[in-house]
Amino acid sequence: ILSAILACDCLTKDDVLVYTVATEETDGYLRYMDSAKEFGIKPNILGFGQEWKGGKEIRTKPGGGWKINLLKEALQKHKDESDKVVLFTDAYDVIFSNNLDEILKNFKATGAKVLFGAEPFCWPNPELAPMYPEVKDGKRFLNSGLYMGYVPELLKLLYRKSIGDDEDDQLYFTEAYLDETFRESIKMKLDHTSTLFQNLNGATSEIEIYVNESKDKKIPEKYVVKNYFTHTEPMVIHGNGFSKLTLNYLGNYVPNMWNSLEGCIKCKERTLNLANQPVKAMPLVYMAIFIEVNTPFLEEGLQKVYNLDYPKERMHLFIHNAAKYHTSLVKNFTEKYASEYLSFKQILAEDGTPEWTARDLSLDQSTAKNVDWYFSLDSIVHLDNPQTLRLLIEQNRSVVAPLLVRSGKAWSNFWGALTKDGFYARSKDYLEIVYNKKRGLWNVPFITNAYLVRASIIKRYDRSILTYNKPDTDPDMAFCRTFRELNIFLYVSNRVDFGHLINADNFDVTLAEPEMYQIFDNEMDWEARYIHEDYQNNFAPGRVDKQPCPDVYWFPIVSLRFCNSLISMMESYGKWSAGTSYDERLEGGYEAVPTRDIHMNQVGWEPHWLKFLQKYVRPLQEKVFLGEEGQAKTYIDTWCGVDIG
Ligand code: UDX
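Definitions and cut-offs
- Residues numbered from 1 in each chain as written.
- Predicted model: local features only at pLDDT ≥ 70, side-chain atom pairs only at ≥ 80, totals over all residues.
- Heavy atoms only, no water.
- Pairing = 2+ DSSP bridges.
- Helix = DSSP H or I, 4+ residues; strand = E, 2+ residues; numbered from the N terminus.
- Axes fitted to C-alpha atoms, helices over the stretch in contact; angles between N-to-C directions.
- pLDDT = per-residue confidence, 0-100.
- Contact = heavy atoms within 4.5 Å.
- Near = heavy atom within 4 Å.
- Polar contact = N/O pair within 3.5 Å; in protein donor to acceptor, adjacent residues only side chain to side chain.
- Areas by Shrake-Rupley, 256 points an atom, 1.4 Å probe, with all protein chains shown as cover.
- Core = buried A, V, L, I, M, F, W, Y, C linked by side-chain atoms within 4.5 Å.
- Buried < 20%, exposed > 50% of the residue type's maximum accessible area, 1.4 Å probe, protein only.
- 1 Å grid on protein atoms, 1.4 Å probe; cavity = no way out; pocket = protein on both sides within 12 Å on 5 of 7 lines; lining within 4 Å.
- Points joined across faces, edges and corners; volume = space filled by probe spheres on them.
- Nonpolar A, V, L, I, M, F, W, Y, C, P; charged D, E, K, R; others polar.

**With respect to the sheet that holds strand 1 (residues 16–21)**
Picture the strands of a sheet paired through backbone hydrogen bonds; they go either parallel or antiparallel.
Item 1. Read across the open sheet, the 6 strands follow the order 2-1-3-6-5-7; overall the sheet is mixed. Across the chains shown, the open sheet's two edge strands, defined by having one partner strand only, are strand 2 (44–46) and strand 7 (188–191). Adjacent strand axes in the sheet meet at a mean angle of 30° when their direction is disregarded.
Item 2. Two elements, strand 5 (residues 114–119) and strand 6 (residues 141–150), share 6 bridges in a ladder whose sense is antiparallel. Across the sheet, residue alanine 118 finds its bridge partner in strand 6, namely leucine 142.

**Details of the confidence of the model for the protein**
Item 1. Mean pLDDT for the protein: 94, with 95% of residues reaching 70 or above.
Item 2. Note on residues 637–645: pLDDT under 50 across the span, and 7 contacts to partners over four residues away in sequence or across chains.
Item 3. Taken together, the chains of this predicted complex give a pTM of 0.94 and an interface ipTM of 0.94.

**So, the site of the ligand**
Item 1. Neighbouring the ligand are 20 residues; Val21, Thr23, Asp93, Ser144 and Asp169 lie closest to it.
Item 2. Valine 21 is positioned with one of its backbone polar atoms (N or O) 2.5 Å from an oxygen atom of the ligand.
Item 3. Contact distances for the ligand include 2.3 Å between an oxygen atom and a side-chain N or O atom of aspartate 93.
Item 4. Notes on the ligand: free accessible area 640 Å², of which the protein chains cover 93%.
Item 5. Of all elements in the fold, only strand 6 and helix 6 (169–178) reach the threshold of two or more residues within the shell around the ligand.
Item 6. With 3 residues, strand 6 is the single largest residue contributor to the shell around the ligand.

**Quick notes on the nonpolar core**
Across soluble globular proteins, nonpolar side chains have a tendency to be buried as a group.
Item 1. If you look at the biggest cluster of nonpolar residues, it comprises 121 residues, and the most contacted ones within it are Met287, Phe375, Ile447, Trp526, Trp605 and Phe612.
Item 2. Phenylalanine 612 has contacts with Ile519, Trp526, Ile531, Ile557, Val558 and Val617, leaving out every residue within four places of it along the chain.
Item 3. Within the second largest apolar cluster, 37 residues are counted, among which are Leu17, Val151, Phe173 and Tyr177.

**Section: the sheet that holds strand 8 (residues 197–199)**
Item 1. If you walk across this open sheet you meet the 3 strands as 4-11-8, and the pairing is mixed. What marks the edges here is a single partner per strand, and that holds for strand 4 (94–96) and strand 8. Strand-to-strand twist in this sheet, taken as the mean axis angle between neighbours without regard to direction, amounts to 15°.
Item 2. One ladder, built from 3 bridges, connects strand 4 with strand 11 (residues 236–238); its direction is antiparallel.

**Examining the pairing of strand 26 (residues 450–454)**
Item 1. Counting buried residues in strand 26 gives 4 out of 5 residues, a clear majority hidden from the surface.
Item 2. Of the pairings in the sheet, the one linking strand 17 (residues 373–378) to strand 26 comprises 5 bridges and is antiparallel in character. Looking across to strand 26, one finds that tryptophan 373 is bridged to arginine 454.
Item 3. Sheet topology places strand 19 (residues 399–402) next to strand 26; 2 bridges connect them, and they run antiparallel. When the sheet's bridge partners are listed, valine 399 is paired in strand 26 with valine 453.

**Description of empty space enclosed by the protein**
If a probe as big as a water molecule is rolled over the atoms, it shows which places are left empty.
Item 1. For the structure on display, the rule yields 3 cavities of 30 Å³ or more.
Item 2. Roughly 50 Å³ of internal volume is contained in the largest cavity.
Item 3. Every residue along the wall of the largest cavity is listed here: Ile289, Leu298, Gly301, Leu302, Val305, Leu377, Asp378, Ser379 and Val381.
Item 4. Listed by contribution, the elements that provide at least two residues to the lining of the largest cavity are helix 9 (298–306) and strand 17.
Item 5. Among the elements that line the lining of the largest cavity, the one with the most residues is helix 9, at 4 residues.
Item 6. Residues of the lining of the largest cavity, tallied by class, amount to 6 nonpolar, 2 polar and 1 charged.

The structure is reproduced here in C-alpha cells:
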C-alpha cells in the first residue's frame, strides 16, 4: 500500500495519457486541438480518418460504444503501467481550460481511481435515475464525455463487459457505476461539483467567463470559466448535447483565444495567403447575389460588388432578382459587367422563383462549377472594403461572414446567441462586437446577408440536408440551423471593417426618386449619393469661400444627382402654384413674395429637407455668419426658393 501511495504521489503530467476519438478534422476538432496546444497537451487521437462506427445521430440517439472499444485497444500497450493515468475526452465539443499539472492535482485530490464528469440528466435511460446515490451538492448523474483514471482500474472498467460499437457508452459506464460493489472496487466517483470536469448541458446558467486582469497593462488579461453555483474553476469543458452553442461562446475566449491587447489569437492560424498568387491559381468563387426586396442604394451596392479586388475570371456570377422595381438596374449592371465573369446566370423577377428555390439552385450551381468557395450576398449588403472577398478566403474557415452593421445602429448580420426556439438573443459581447470595441473572429449561432462557405461542405451535403427550404422557417434561419446541427462553426469577422448594411424597411418605391427620402434610414448612403464630393473641404482651415456679392456665399453642398433628383421629384408631382399673392397652401392665404413653386411638404419631403438644412447647411451658415445662429432657415429658404424657381 505504501509503495502504491508513494508511486501515486510522484505522478507528474508526463504520466497522464490523453486520449480522444475524432474521425475527422471538424471545426470542433480544430478548436479542441488549439486548446490542447495552449497547455502543451498532446492528445492521442483514436479513429482518425476512419468511418464513425459509434451509431447514427450520436447527439440525439444512444451510441458511442466504439469510443470504448477504440480506447481498450489503444490501452493494450500500457496495460502493465499501473502508474499511468488516462484522461479521456470527447473531441468535437470539448476544450481544455487548464494544464495537465493542475488537472492531475485536482484528480488526485478527489481520491477517486476513476473519475467521471457529472450532469443533471440521467441519459440515455432515465428509469435508472432512482438507483443513483443521492448527492447533497452538484449533479447526480454520469456523463461519459470526460473521464480520468489509473490504468489498472480503468482497464477493469473497460473490460467489465463487452459493448457493441453502436451501443451506448454512457449506458455502459452508468451500469458499472450503479453496481455498488464494482464501483467501490475501482473507487469510481463522479465529479459532482465540477472541480475538474464541466458538462455544460443543464448547467449553462451556472457558468460565467471570468476575466483575470493583470496590473501590468502590458500583460494581457486571461479568461477562465467559472462555475458560480459550485464555486469551482473547471479544467475541461464539455458542450454535451444541446449546450454546444454555449461552448462555442466560451471558446471565443477560453483558453487564450482572444484578449484586448492581441485581439483574436487563433484567427491568425490556418489562414491562406493570396498575395502573390498568379490569377490562374486563385481559388474559384461562386458569387450569388439575392435581390429579394426593394433596396435603396442598390446601384452603389452592386458597383461595390463589381469593385471587389478579385479576378473576375475566377468568379462565377449568379443573380436572383425578385424585385421587379430593380429590373432595369440589374439589366444595366449585367449588360455592362456580366461578361467579365467566368460565367453568368440570372433568375429574373418575372420568373416568380421563390427565394429558397433560387438559393438552393445557386448551391447546386456552385457544385456543378466545381468551385472552391461559395459567396452569398444579399442586396442590402454594401462591401465598402474592396478586399473583403480576398480577406474572407484568406481567413480559410468553413463559414465566415464579414461583420456588417446598419450605420449608427445595433442591427447587424449576426446573432450572438439564440433563444431555445432558435430566435434572436443577445450575447453579452454582442454590442462590443457590433461597435468594434472587440475585434476578432467570433463563433456565433447565426449569420446572414453576406457569407463565404467552403464549397466542399456544399458538395458533401446535398439539398436534402443543406437547404434553405425548411417548413415554417426563413431561408437564412434554415441554412444556419443545418450548420449548427452539423456542428460546422459559423464565424463572423470584424478583424477589419468590411462594409455596412442598408436599411430597406421604409423604402417606398411608389415615390419619385425614393432614395431622396432615405436621409433618415440610410444617412451615410444618402450623403454619399447626394452631398457634393467637395463638401468637407468647405471646412478646410484657411479656405476662402466664394463670395459673389456682399453677404452672399457660394459653397459646394449637394451633388449634381441631388439637383436632378429634386427637379425630378417636383416635376413628377407637377402641381406648381399660381404665382399670385393668394396661396391656399398658406394659413390666411396671403403670399407676400409670390413665386411659382412646390412646397416641400407637398411632396412629403419637409422633415428630410429640414434635416438636410440642419446637418449640412447650418454649419456653413454658422461659419460665415458668426453670431447669427438660428437664421439659417431664413437665409436658405430664400436662396433655395430662387434656385428652384
Ligand atoms: C454525449 C456524451 O457526452 C458522449 O459521451 C456520448 O458518447 C454521446 O452523447 P455529445 O456531446 O452529445 O455526447 O456527442 P458528440 O460530441 O456529437 O459525439 C461524441 C464524440 O464522439 C465527439 O465529440 C467525437 O469525439 C466523437 N465522434 C462523433 C467522432 O469522432 N466522429 C463522429 O462522426 C461523431
